[in-house]
Amino acid sequence: MKYSFWFLLAGLYISGCSDPGGKPVEQKNIARVDSMSAIPQPLNIIDYEQLALQFDSTVYDLNAQGEFWPLVWIDSSRKNYPQDVVGMYTAIGDVRQGRSNNKGMFHEALASMGGVLGGTLVGINKANQGNLDYVGMLKNYFNRETGWNIMMNNTCPEVALLGGGYGRDWWYDVYPNVLFYAIYEKYPHAPGFDTIARSIADKFYQADSVLDGNYTFSFFDYAKLKPMTSHICPQPDAAAGHAYVLYAAWKKFGDEKYLRAAKNALKALQSQPSNPTYEVLMPFGAYMAARINAELGEKYDLAKMLDWSFDGTPKCREGWGVLTGTWNGMDISGIVGSTVDHGGYGFLMNTYDAAWPLVPLVRYDQSRANAIGKWMLHAANAAKLFYPDHMPAEHQTLYNRRAITKGVIGYEGIVQRSTFDQYASIKAPVAQGDGPNWVPGKNPDVSQFSVYGSAHVGIFGSIIRKTNVEGILQLNLLATDFYRAEAYPSYLYYNPYGEMKSVQLSLEKGKSFDLYNTVTGSFVKRNVSGTATIDIPAGESAIIILAPVNGKQLIDGSKLSIDGVVVDYHYQQ
């Protein structure tokens, strides 16, 4: 009893040269992922980091030549802040956009913020690029002139009805704030960002207080602090976006009211009687459940939120989830969208953005390592099919117009049966986009090429690296784990094969590490440098933490720390 008391009070110290002697963590499945093939075929993972760099250098060129280029322009309307803004097309050739249409004011935060975040994640300083501050320009999406005082998808209501959101479609109003907080973490000293971040957090806190556990509305009027109903069905998964922003605000500013509101929002999400998934926010709910459970010892239902993110059972946004299957010999499993629309319709942006919360989730709950690792293998393999250079010609609506993309713009979606009558003869999978339907009879056919979706490629580009074994990816668990505590380099490896595979890790030059695997609860290598090799059993995964050599280990409850940094949130003695 004496020793138990001191272990509980101060944790258990273990000498730096001994192993803590943990046991493996039982893996838990995600049914939708179980239905995917063991290894997607044909297997070919492209270099998403290089694609993200090429997107940035190609699209952010105000002097680009070519039909429908450039895809960016200067908006001098100076809404909300007295500065010019670089607008970005939502889709190639969208007739509503550009300098000469709608006074140059119609551009969307989903594209602009996606491009800034994506470029930043692959190492580009977007605050000083070609003498332009693309980060600072994002302030114009902060709608203070309307009194909403949050980030919105447009800079002003004059053009809001041309796109999504603005008081009728909740996710469009919430997600720009999720994007902003990620960018804010990368640029904490951007002028004015502290004030904006505080305002957003306060508005979300006030909204949560008004909603009081009931998020079953179409949208929320953040100016009047009033929940609203529109012709669009309720979107209670907005609570996931609220929880994410509020938790980030608590981590940033330390105000306990933000933490209380984050927990309230997550509780409201969990209490839904059926799947409330609508667009992109539910995976952030799963991430927050895993993280708050790990960091604060709560008991949110992670299994429910993961199933909701994947299984395609929502009634409002019918079938929204993760697609699975092989269409005419091509595995499309892993892409995100409607599992039922025209036999299944996945979207590029949704696929990229799902990785943002779901990959770092396994840092906080390694029992999902196999499931998330397998999903990401499929998603990484299938996402290339959105791009005309990687989808077979006979499966594209606009193969003959592919040159207009300059190799960096993908189709908006992949569908089993085309939604356009003129493409009905194309066999599945069909690469296409909805752009022509946005302005019927006016938007050109090339508006099927999605600039806004392609702008988010940096999420994949920052996470995914290939290894010496084709089909085993190195997934960076820290790349999109924003506002986290201090952490050592952390990577997920999943072996989809029916036999053990040996994977090589290239370590930082001049440094040595102890390699700790949170899945097995043990050190797999000690004092290694240069290149290390780890063995991964068939169908299993490893989460490798590059820890300091002979670091001081401390077990405090279920947390194992090395030199004061938590490396395992669910250590089992």
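Every value quoted in this text rests on a predicted model; they were computed, and no experiment measured them.

Focus: the sheet that holds strand E20 (residues 522-529)
Line of reasoning, step 1. What the six strands build is an open sheet, ordered E15-E16-E17-E22-E19-E20; its pairing is antiparallel. The two strands at the open ends of the sheet, each matched to only one other strand, are strand E15 (464-466) and E20. Pairs of neighbouring strands in the sheet enclose a mean axial angle of 25 degrees, with direction left out of account.
Line of reasoning, step 2. Where helix H13 (residues 369-383) meets the sheet, its contacts fall on E15, strand E16 (473-476), strand E17 (490-494) and strand E22 (541-547), and the angle it forms with E17 comes to roughly 75 degrees.

Quick look at the packing of helix H12 (residues 348-364) against H13
Line of reasoning, step 1. At a minimum axis distance of 10 Å, the contact between H12 and H13 shows a crossing angle of 155 degrees. Judged by the angle between their axes, H12 and H13 are roughly antiparallel. Viewed along their axes, H12 and H13 form a crossing whose handedness is left-handed. Across the interface between the two elements, Leu348, Thr351, Tyr352, Ala354, Ala355, Leu358, Val359 and Val362 from H12 touch Ala369, Ile372, Trp375, Met376, Ala379 and Ala383 from H13.

Concerning empty space enclosed by the protein
Empty space among the atoms becomes apparent when a probe as large as a water molecule is rolled across them.
Line of reasoning, step 1. Across all of its chains, the model carries seven cavities of 30 Å³ or more by this definition.
Line of reasoning, step 2. Forming the boundary of the largest cavity are 14 residues, of which Glu279, Pro283, Ser309, Val336 and Ala354 lie nearest the centre.
Line of reasoning, step 3. Going through the elements one at a time, helix H10 (282-296), strand E6 (320-322) and H12 are the ones with two or more residues in the lining of the largest cavity.
Line of reasoning, step 4. The dominant element in the lining of the largest cavity, judged by the number of residues it contributes, is H12, at four residues.
Line of reasoning, step 5. Looking at the lining of the largest cavity, its residues break down into eight nonpolar, four polar and two charged.

Some details on the environment of alanine 223
Line of reasoning, step 1. Relative to the elements of secondary structure, alanine 223 occurs in the loop between strand E4 (219-221) and strand E5 (226-228).
Line of reasoning, step 2. By relative accessible area, which is 34% here, alanine 223 ends up partly exposed.
Line of reasoning, step 3. The sequence separation of alanine 223 and lysine 203 amounts to 20 residues, and the corresponding C-alpha distance is 8.6 Å.
Line of reasoning, step 4. For alanine 223, the contacting residues outside a window of four places in its chain are Thr146, Gly147, Trp148 and Lys203.

Describing the state of the cysteines
Line of reasoning, step 1. Evaluation of the coordinates by the stated rule reveals one disulfide.
Line of reasoning, step 2. There is a disulfide in this structure between cysteine 233 and cysteine 316, and the S-S distance comes to 1.5 Å. Linking cysteine 233 in the loop between E5 and helix H8 (238-253) with cysteine 316 in the loop between helix H11 (302-310) and E6, this pair joins segments that are 83 residues apart in sequence.

A look at the layout of surface pockets
Line of reasoning, step 1. The volume enclosed by the largest pocket comes to roughly 670 Å³.
Line of reasoning, step 2. Within the residue set of the lining of the largest pocket, elements represented by two or more residues are helix H4 (109-121), helix H6 (170-186) and H12.
Line of reasoning, step 3. In terms of residue class, the lining of the largest pocket is made up of 12 nonpolar, seven polar and 10 charged.
Line of reasoning, step 4. By volume, the second largest pocket amounts to about 380 Å³.
Line of reasoning, step 5. As for the second largest pocket, its lining consists of 21 residues, and the residues nearest its centre are Lys28, Asn293, Asp365, Ser367 and His570.
Line of reasoning, step 6. The set of elements that each furnish at least two residues to the lining of the second largest pocket consists of H10 and H11.
Line of reasoning, step 7. In terms of residue count, the dominant contributor to the lining of the second largest pocket is H10 (three residues).
Line of reasoning, step 8. Its residues assigned to classes, the lining of the second largest pocket shows eight nonpolar, six polar and seven charged.

Describing the packing of helix H7 (residues 193-211) against helix H9 (residues 256-270)
Line of reasoning, step 1. Taken N-terminus to C-terminus, the directions of H7 and H9 make an angle of 50 degrees; their axes are 10 Å apart at the nearest point. On the basis of the axis angle, H7 is oblique to H9. By crossing handedness, the relation of H7 to H9 is classed as left-handed. Contact residues: H7 offers Arg198, Ala201, Asp202, Tyr205 and Asp208, while H9 offers Lys257, Tyr258, Arg260, Ala261, Asn264 and Ala265.
Line of reasoning, step 2. A breakdown of the residues in the contact of H7 with H9 according to their chemical character gives five nonpolar, one polar and five charged.

Digging into the pattern of salt bridges
Line of reasoning, step 1. Per the stated rule, a full pass over the model turns up 19 salt bridges.
Line of reasoning, step 2. The salt bridge partner of aspartate 255 is arginine 198, with a shortest N-O separation of 4.0 Å. Of this pair, aspartate 255 sits in the loop between H8 and H9 while arginine 198 sits in helix H7, and the two are 57 residues apart along the sequence.
Line of reasoning, step 3. Residue arginine 363 is joined to aspartate 481 by a salt bridge in which the shortest nitrogen-to-oxygen separation is 2.5 Å. On the criterion of sequence distance, the pair formed by arginine 363 in helix H12 and aspartate 481 in the loop between E16 and E17 is long-range, its members being 118 residues apart. An identical accessibility class is assigned to arginine 363 and aspartate 481; each is buried.
Line of reasoning, step 4. Look at the salt bridges and you will find they share partners, linking Lys251, Arg291, Glu295, Arg363 and Asp481 into a network.

Topic: the sheet that holds strand E12 (residues 413-415)
Sheet strands pair via backbone hydrogen bonds, and the direction of the pair is either parallel or antiparallel.
Line of reasoning, step 1. Strand order in this open sheet of five strands is E6-E9-E10-E12-E13, and the pairing throughout is antiparallel. Here the strands that pair on one side only, and so sit at the sheet edges, are E6 and strand E13 (430-432). Between one strand axis and the next, the sheet turns through 30 degrees on average, direction left out of account.
Line of reasoning, step 2. Relative to strand E10 (residues 345-347), strand E9 (residues 336-338) runs antiparallel, the two being bridged by three bridges. The residue bridging serine 338 from the neighbouring strand is tyrosine 345, located in E10.

Some thoughts on the nonpolar core
Line of reasoning, step 1. Counting 188 residues, the largest nonpolar core has Tyr48, Tyr181, Trp356 and Trp375 as the members making the most contacts within it.
Line of reasoning, step 2. Per-element accounting of this core gives the leading share, 12 residues, to H6.
Line of reasoning, step 3. Among the nonpolar cores identified, the runner-up in size contains 16 residues, and Tyr491, Leu507, Ile534 and Ile544 belong to it.

About the criteria used
- Residues numbered from 1 in each chain as written.
- Predicted model: local features only at pLDDT ≥ 70, side-chain atom pairs only at ≥ 80, totals over all residues.
- Heavy atoms only, no water.
- Pairing = 2+ DSSP bridges.
- Helix = DSSP H or I, 4+ residues; strand = E, 2+ residues; numbered from the N terminus.
- Axes fitted to C-alpha atoms, helices over the stretch in contact; angles between N-to-C directions.
- Contact = heavy atoms within 4.5 Å.
- Parallel < 35°, antiparallel > 145°, perpendicular 65-115°, else oblique.
- Left-handed = near helix turned anticlockwise from the far one by under 90°.
- 1 Å grid on protein atoms, 1.4 Å probe; cavity = no way out; pocket = protein on both sides within 12 Å on 5 of 7 lines; lining within 4 Å.
- Points joined across faces, edges and corners; volume = space filled by probe spheres on them.
- Nonpolar A, V, L, I, M, F, W, Y, C, P; charged D, E, K, R; others polar.
- Buried < 20%, exposed > 50% of the residue type's maximum accessible area, 1.4 Å probe, protein only.
- Disulfide = S-S within 2.5 Å.
- Salt bridge = Lys/Arg side-chain N within 4 Å of Asp/Glu carboxyl O.
- Core = buried A, V, L, I, M, F, W, Y, C linked by side-chain atoms within 4.5 Å.

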